[in-house]
There are 2 protein chains.
Amino acid sequence: MKNTLSAAVLLIGNELLSGSIEDKNLAHIAKTLEVRGIRVRETRIVPDIESEIVDAVNHLRNKYDYLFTTGGIGPTHDDITSDSIAAAFGVSNVIQQDVFDGINTYLSSKGVEFTPAAQRMAYAPQGAEIIYSDQSIVPGYRIDNVFVMAGVPRIMRLMLSGIIAHLKTGLSIQNAAIHANVGENEIAAALETIQHQHPDIDIGSYPQDKDSTISDYRVVFVVKGTDTDEIEQTCTEILKACMDGGHEAIRA
Amino acid sequence: MKNTLSAAVLLIGNELLSGSIEDKNLAHIAKTLEVRGIRVRETRIVPDIESEIVDAVNHLRNKYDYLFTTGGIGPTHDDITSDSIAAAFGVSNVIQQDVFDGINTYLSSKGVEFTPAAQRMAYAPQGAEIIYSDQSIVPGYRIDNVFVMAGVPRIMRLMLSGIIAHLKTGLSIQNAAIHANVGENEIAAALETIQHQHPDIDIGSYPQDKDSTISDYRVVFVVKGTDTDEIEQTCTEILKACMDGGHEAIRA
């Protein structure tokens, strides 16, 4: 898509791979970035193993404009993201005195001990830029084109809101949707023709289960692009293709 | 973890990367495999771009015992999984006559035309073994250690149920959980000691938001392994560590 930037997301944590916890962060990150003209082009989920994190970070940060990570920055033994990011960049993981002081002050005010384990949360790779956000004591950080965030969704969202201002943006990506009572097999040929006529537009076709919470119609077409006129034109063509075949279709 | 097999999951589709749709398949696949001693060790989400799918398939099928893919096997222009899997293996994507006949019979009985687009669903890479499952007209398939499934969750589950019998299994991985009202920073040191004493056990520590649907407690510890006695022993030690610190904790 013209004049957009690319991003990857790296979700770190055994719990996501084992199905103990379903990721709630990717969709929020993707939508937040998309309106700013940054498209998520790849996502990986890796376990809490340093070599796996290092390999993924180095591959993804070189391939895409931005890399966003979530998870593994808490105080427990399986929180190894900052050590791993430091290793990926070949630098040390060092104490960030301002962050240390901030957490220390906060915990003291609550009467909670600032344990050596908790102090690990005040570390970040040498050269990292700490990024504070409203309401979050533990900040995220940036090193080069890599942004490191928490895994807990509420905290991740706070961190991302603080990160947004640090990003270059592209042309905002807009969405439109058409819901239709048509079998994908009946409309596929027309859809392919329309897609070929609009190479800068992304047309997705998503059949719905009977118990879908997204639509009562059999299929949803999602139309994405940076040019509003071309999105409208594409939608009109899809609606016409459905109706020409005698199928009910609406712009949703 | 001793006597277990490894797997990767490749989720294919622009809609997952853009946040239009949240994946509902990974957790089900992971849990289904885990009780059969197969651990998901990596997951990737890639867009509907052949070169991206080919690279991911070739990397993951060589690194892990099994690779499971979801998505991209429908009739529309963005359904390019079978073409891509064939390219990854360096073979042709060829018609599977039995599958073709089955879909044709089904659609005829419904009075629906079997369009050229729909006929693409009857293709699979040369050498693939078609895997039928109850109630699903379109089957999944296997080629070498790669299993290809639909993206729609209901259909994916049917396909996976048919695939299970084709898998070698390892020692079943069991789970236990402890819920505790303790800050992670207060328990992290004890938890690390316990983890080091049980290297074949995976201990995860997951802080809960106030609106968590998983637990009313502040943190959930998940204990995984293949040896029931060692899981029990580990749980007992975690409970003791919490209680010794004066923190409420229960075996959930």
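Source: prediction; values computed, not measured.

> Any chance you could explain the sheet that holds strand 10 (residues 202-207) of chain A here in plain terms?
Each strand in a sheet pairs with its neighbour through backbone hydrogen bonds, running either in the same direction (parallel) or in the opposite one (antiparallel). Residue and element names in this part refer to chain A. Read from one edge of the open sheet, four strands run 10-11-9-12, paired in antiparallel fashion. Each edge of the sheet is formed by a strand with only one pairing partner; in this case those strands are strand 10 and strand 12 (249-251). Put simply, the sheet's adjacent strands are angled 20° from each other on average, direction ignored. Where strand 10 lies against strand 11 (residues 219-225), six bridges are found, and the strand directions are antiparallel.

> Before we go on, may I ask you to explain the packing of helix 3 (residues 50-63) of chain B against helix 4 (residues 81-89) of chain B in this structure?
For any two helices packed against each other, one specifies the crossing angle of their axes together with the interaxial distance. Residues and elements named next belong to chain B. In the contact formed by helix 3 and helix 4, the axes pass within 9 Å of each other and the chain directions differ by 50°. Comparing the axis directions of helix 3 and helix 4 gives the class oblique. The two elements helix 3 and helix 4 meet at a crossing, and its hand is right-handed. Here Glu50, Ile53, Val54, Val57 and Asn58 of helix 3 lie close against helix 4, whose contacting residues are Thr81, Asp83, Ser84, Ile85, Ala87 and Ala88. Residues belonging to the contact of helix 3 with helix 4 are distributed by class as follows: six nonpolar, three polar and two charged.

> Would you mind going over the domain arrangement of chain A with me for this structure?
A common way to report how large an interface is uses the accessible area buried once the components associate. Domains assigned within chain A are domain 1 (5-166) and domain 2 (174-251). Computed from C-alpha atoms alone, the centre-to-centre distance between domain 1 of chain A and domain 2 of chain A is 37 Å.

> Explanation requested: the relation of the copies chain B and chain A in the structure shown.
Turning one copy of the chain about an axis and sliding it along that axis gives the other copy, so a rotation and a shift relate them. Taken as rigid bodies, chain B and chain A are interconverted by a rotation of 180° and an axial shift of 0.0 Å, the fit giving an RMSD of 0.0 Å. The transformation relating the two chain copies, once decomposed into turn and shift, fits a two-fold axis. Every residue of chain B has its C-alpha some distance from the rotation axis, and the shortest such distance is that of Arg44(B), at 2.2 Å. Here 100% of the interface residues in chain B have copies in chain A that are interface residues too; the copies meet face to matching face.

> In this structure, what is going on with the sheet that holds strand 7 (residues 140-143) of chain A? I would like to understand it.
The strand order across the open sheet formed by 12 strands is 6(A)-7(A)-8(A)-3(A)-1(A)-2(A)-2(B)-1(B)-3(B)-8(B)-7(B)-6(B), and the pairing between neighbours is mixed. Because the sheet does not close on itself, it has two edges, and the strands there are strand 6 (129-131) of chain A together with strand 6 (129-131) of chain B. Pairs of neighbouring strands in the sheet enclose a mean axial angle of 20°, with direction left out of account. Set on the sheet, helix 4 of chain B makes contact with strand 1 (5-12), strand 3 (66-70), strand 7 (140-143) and strand 8 (146-149) of chain B; between it and strand 8 of chain B the angle comes to about 170°.

> I'm lost on helix 9 (residues 228-244) of chain B in this one. Help?
Because an α-helix packs 3.6 residues into every turn, residues spaced three or four apart end up facing the same way. Residues and elements named next belong to chain B. The end-to-end C-alpha distance of helix 9 is 24 Å, a good match for the 24 Å that 17 residues give at a rise of 1.5 Å each. Listed in full, the buried residues belonging to helix 9 are Ile231, Thr234, Cys235, Ile238, Ala241 and Cys242. Buried residues along helix 9 cover an arc of 125° about the axis, so they all sit on one side. Among the exposed residues of helix 9, those oriented more than 90 degrees off its buried face are Asp229 and Asp244.

> Is there a simple way to think about the interface of chain B and chain A in this case?
Listed as interface residues are 51 residues of chain B and, on the opposing side, 51 residues of chain A. Looking at the side of chain B that touches chain A, the elements with two or more residues in it are helix 1 (14-17), helix 2 (26-34), strand 2 (38-46), helix 6 (116-119), helix 8 (184-197), strand 10 (202-207) and strand 11 (219-225) of chain B. Looking at side-chain class alone, the side of chain B that touches chain A contains 21 nonpolar, 14 polar and 16 charged residues. Of the strand pairs in this sheet, strand 2 (residues 38-46) of chain A and strand 2 of chain B are connected by three bridges, and their pairing is antiparallel. Bridge assignment links Ile45(A) to a residue of strand 2 of chain B, and that residue is Thr43(B).

> I tried to follow the pairing of strand 9 (residues 174-180) of chain A on my own but got confused; where do I start?
For a regular strand, side chains alternate in direction, first toward one face of the sheet and then toward the other. Residue and element names in this part refer to chain A. As paired strands, strand 9 and strand 11 are joined by seven bridges and run antiparallel to one another. Looking across to strand 11, one finds that asparagine 175 is bridged to lysine 224. Judged from the three bridges that link them, strand 9 and strand 12 form a sheet pairing that is antiparallel. Across the sheet, the residue bridging to isoleucine 178 is arginine 251, located in strand 12.

> Explain the packing of helix 8 (residues 184-197) of chain A against helix 9 (residues 228-244) of chain A here, please?
All names here are of chain A. For the pair helix 8 and helix 9, the least separation of the axes is 10 Å and the interaxial angle reads 160°. Considering their axes alone, helix 8 and helix 9 lie roughly antiparallel with respect to each other. Judged by the sense of rotation from one axis to the other, the crossing of helix 8 with helix 9 is right-handed. Contacts from Ile187, Ala190, Leu191 and Ile194 of helix 8 reach helix 9 at Thr234, Glu237, Ile238, Ala241 and Cys242. Partitioned by chemical class, the residues of the contact of helix 8 with helix 9 number seven nonpolar, one polar and one charged.

Cut-off values and rules
- Residues numbered from 1 in each chain as written.
- Chains lettered and ligands numbered in written order.
- Predicted model: local features only at pLDDT ≥ 70, side-chain atom pairs only at ≥ 80, totals over all residues.
- Pairing = 2+ DSSP bridges.
- Helix = DSSP H or I, 4+ residues; strand = E, 2+ residues; numbered from the N terminus.
- Axes fitted to C-alpha atoms, helices over the stretch in contact; angles between N-to-C directions.
- Parallel < 35°, antiparallel > 145°, perpendicular 65-115°, else oblique.
- Left-handed = near helix turned anticlockwise from the far one by under 90°.
- Contact = placed C-beta atoms within 7 Å.
- Nonpolar A, V, L, I, M, F, W, Y, C, P; charged D, E, K, R; others polar.
- Domains from an automatic or database assignment.
- Least-squares fit on C-alpha atoms with pLDDT ≥ 70 in both.
- Expected span 1.5 Å × (residues − 1).
- Buried ≥ 20, exposed ≤ 12 C-beta atoms within 10 Å, placed from the backbone.
- Arc of directions from axis to C-beta.

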